[in-house]
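# Residue-level structural notes
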Amino acid sequence: MPDPAKMEATVHAYVAAFEAGSPDQVAALFAADATVEDPIGSPPHKGREAIRAFYAESMKTGAKLTLEGPVRVTAEYAAFPFSVHLNYDGPKRIDVIDTFRFNEANEVIEMRAFFGPTNMQGF
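Residues numbered from 1 in each chain as written. Predicted model: local features only at pLDDT ≥ 70, side-chain atom pairs only at ≥ 80, totals over all residues. Heavy atoms only, no water.

## Quick notes on the pattern of salt bridges
The test is simple: Between Lys or Arg on one side and Asp or Glu on the other, a salt bridge is scored when a side-chain nitrogen of the former is within 4 Å of a carboxyl oxygen of the latter. Strands are runs of DSSP state E lasting at least two residues, helices are runs of H or I lasting at least four, and both sets are numbered from the N terminus onward. Burial classes follow relative accessibility: with a 1.4 Å probe on protein chains only, a residue under 20% of its type's maximum area counts as buried, one over 50% as exposed, and anything between as partly exposed.
Inspection of the entire model under this criterion finds six salt bridges. Between Glu-37 and Arg-112 there is a salt bridge, with its nearest N and O atoms 3.2 Å apart. Here Glu-37, found in strand S1 (residues 30-37), pairs with Arg-112, found in strand S7 (residues 108-114); they are 75 residues apart in sequence, far enough to count as distant. Looking at Glu-37, the relative accessible area reads 16%, which means it is buried. On the basis of relative accessibility, which here comes to 28%, the residue Arg-112 falls in the partly exposed class. With a closest N to O distance of 3.4 Å, Arg-101 and Glu-76 form a salt bridge. Highlighted residues: Arg-101 in strand S6 (residues 91-102) and Glu-76 in the loop between strand S4 (72-74) and strand S5 (77-87), separated in sequence by 25 residues. Where salt bridges share partners, they join Glu-68, Arg-93 and Asp-95 into one cluster.

Take a look at the structure:
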């Protein structure tokens, strides 16, 4: 089983990587064959390089993340509520819950982002 303390630390590293504007730091949290589905229902980004490219584009918006509650860890999953703050054509906010699934090496193998139109303000 993955280590719960390392799983929670990965969530905090993910938020910090956005603060630093570093898609490389985000990509380093993922396994080589990981997937990112952001938001749920969109085509998944597969593999570390595709994930890095996705986050590089996301970070061009100046997105900053704020945790909005504790990280929940169970088995190989971590779930966490957070808000995304953007500032283009005025301030915008998206309330999101992400889930990370981890492998035995404490790498993220799956990320899924849960949000929809009712969670988006200022758009």
